[in-house]
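One-letter residues, chain by chain:
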Amino acid sequence: MPNVSKLRKKCFHLLEDDIAESSTGKHINRFLIVLILLNVIAVILESDNAINQQYTLQFTLFNIFSVFIFSIEYLIRVWVCIENKAINHHSCFKTRLYYVISPIAIIDLIAIAPFYLSCFIIIDLRYLRLLRVLRLLKLSHYFKDFNIF
């Protein structure tokens with residue numbers, strides 16, 4: 001399985017801000033940062049009833065797109081975390097478990113969980129919007145100064 005290992009290592013390097021020195025890695029990180037900021041703007045605009053009623057479909061489609069991208073990112077980060085020497089516990093399961101319960105991974109999960117919860121549980125959309133603002137915390141992946149949050 002050397003090909004899978006190489007792919008996982010390459011994905012790890014593309015997603016890690018400290019290591020992402022390639023132009024592809026920088027573009028991926030910039031895209032994710034812009035997507036996070038656009039999500040925050042969308043939540044703010046959605047809070048205005050007139051705007052929300054006029055653009056409900058666009059907001060819904062944008063949210064589905066965002067959750068899709070953030071879900072893929074989360075799953076890839078869980079998959080590649082064993083390449084991180086700082087948390088590698090010589091067991092893929094332990095390393096992934098350690099990552100999944102880390103604050104940064106929990107923030108990522110909280111950023112996408114409201115969407116999935118709303119598919120199964122009837123939830124007041126105002127609370128869902130509030131939880132979506134937590135996507136702003138995802139910026140701590142890209143800016144170390146955001147770790148203060």
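Every chain is numbered on its own, with residues counted from 1 as its sequence reads. Thresholds applied to this predicted model are a pLDDT of at least 70 for local features of residues and 80 or more for the giving and counting of side-chain atom pairs; totals over whole chains, interfaces and linings are not thresholded and use all residues. Side-chain numbers come from the whole structure's heavy atoms, not from hydrogens or water.

Chemist: I tried to follow the overall build of the protein chain on my own but got confused; where do I start?
Modeler: Secondary structure elements follow DSSP: runs of H or I no shorter than four residues count as helices, runs of E no shorter than two count as strands, and numbering proceeds from the N terminus. If you tally the helices and strands in the protein chain, you get seven helices and zero strands. Put simply, the protein chain runs from its N terminus to its C terminus through helices and strands in the order α-α-α-α-α-α-α. Whether a residue is buried, partly exposed or exposed follows from its accessible area with a 1.4 Å probe, protein chains only, as a fraction of its type maximum: under 20%, in between, or over 50%, in that order. The proportion of buried residues among the 149 residues of the protein chain is 35%. Any two residues whose heavy atoms approach within 4.5 Å are treated as being in contact. Of the contacts formed within the protein chain by residues at least 6 apart in sequence, a portion of 63% connects residues at least 24 apart. Values of accessible area rely on a 1.4 Å probe in the Shrake-Rupley scheme; residue burial ignores everything except the protein chains shown. Element-wise, carbon and sulfur atoms account for 70% of the exposed surface of the protein chain, whose accessible area totals about 9,500 Å².

Chemist: Would you mind showing me how to read the packing of helix α2 (residues 23-46) against helix α4 (residues 56-80) here?
Modeler: The axes of two packed helices give the description: the angle between them and the distance between them. Where α2 meets α4, the axes come as close as 11 Å, and the angle between the chain directions of the two elements is 145 degrees. As α2 runs across α4, the sense of the crossing is left-handed. Where α2 abuts α4, its residues F31, L32, L35, I36, L38, N39, A42, L45 and E46 lie against F59, F62, N63, F65, S66, I69, F70 and E73. The nonpolar class holds Ala, Val, Leu, Ile, Met, Phe, Trp, Tyr, Cys and Pro. Asp, Glu, Lys and Arg form the charged class, and all remaining residues, Gly among them, are polar. Across the contact of α2 with α4, the residue classes break down as twelve nonpolar, three polar and two charged. For helices, the axis comes from a line fit to the C-alpha atoms of the stretch in contact; other axes are also lines fit to C-alpha atoms, and the angle between any two N-to-C directions lies between 0 and 180 degrees. Crossings are sorted by hand: turned counterclockwise from the far helix by less than a right angle, the near helix makes the crossing left-handed, and turned clockwise it makes it right-handed.

Chemist: Could you clarify how one ought to interpret the nonpolar core in this entry?
Modeler: Nonpolar side chains in soluble globular proteins tend to be buried together. Judged by nonpolar contacts, the single largest core of 15 residues is most densely connected at L32, F70, Y74, C81, Y99 and I112. Those elements giving two or more residues to this core turn out to be α2, α4 and α6 (103-120). The greatest single-element share of this core, amounting to five residues, is contributed by α4. Definition of nonpolar core: a set of buried residues of the types Ala, Val, Leu, Ile, Met, Phe, Trp, Tyr and Cys, connected through side-chain atoms within 4.5 Å.

Chemist: What is the right way to look at α6 in this model?
Modeler: One turn of an α-helix holds 3.6 residues; hence residues three or four places apart share an orientation. When the terminal C-alpha atoms of α6 are compared, their 25 Å separation across 18 residues agrees well with the 26 Å that a helix rising 1.5 Å per residue should span. Taken as a whole, α6 carries its principal kink of about 40 degrees at A113; the proline P114 stands between one and four residues after it. Within α6, burial applies to A105, I107, D108, A111, I112 and P114. How far a helix is expected to stretch is found by multiplying one less than its residue total by 1.5 Å. At any given residue, the bend is defined as the angle formed between two axes, one fitted to the seven residues that end at that position and one fitted to the seven that begin there.

Chemist: What's the story with the side chain of E83 in this structure? I'm lost.
Modeler: Mapped onto the fold, E83 is located in the loop between α4 and α5 (92-100). Given the relative accessible area of 10%, E83 is considered buried. Counting of polar contacts relies on pairs of N or O atoms within 3.5 Å, with two restrictions inside protein: one atom must be capable of donating a hydrogen and the other of accepting it, and residues adjacent in sequence are counted only when both atoms are side-chain atoms. A distance of 2.8 Å separates the side chain of E83 from the side chain of R8, its partner in a polar contact.

Chemist: What exactly am I supposed to notice about the environment of N39 here?
Modeler: Within the secondary structure layout, N39 lies in helix α2. For N39, the side chain forms a polar contact with the side chain of S66, separated by 3.0 Å.

Chemist: For this particular structure, what's the right way to read the packing of aromatic side chains?
Modeler: Each aromatic ring pair is specified by the distance between its two centres and by the angle formed by the two planes. In summary, the pairing rule links any two rings of Phe, Tyr or Trp, Trp by its six-membered ring, whose centres are within 6.5 Å, and it sorts them by plane angle into stacked for under 30 degrees, edge-to-face for over 60 and tilted for everything else. Evaluation of the coordinates by the stated rule reveals one aromatic pair. Judged by centre distance (5.4 Å) and plane angle (80 degrees), the rings of F115 and Y116 are edge-to-face. Of the residues examined, Y116 reaches a relative accessible area of 36% and is grouped as partly exposed.

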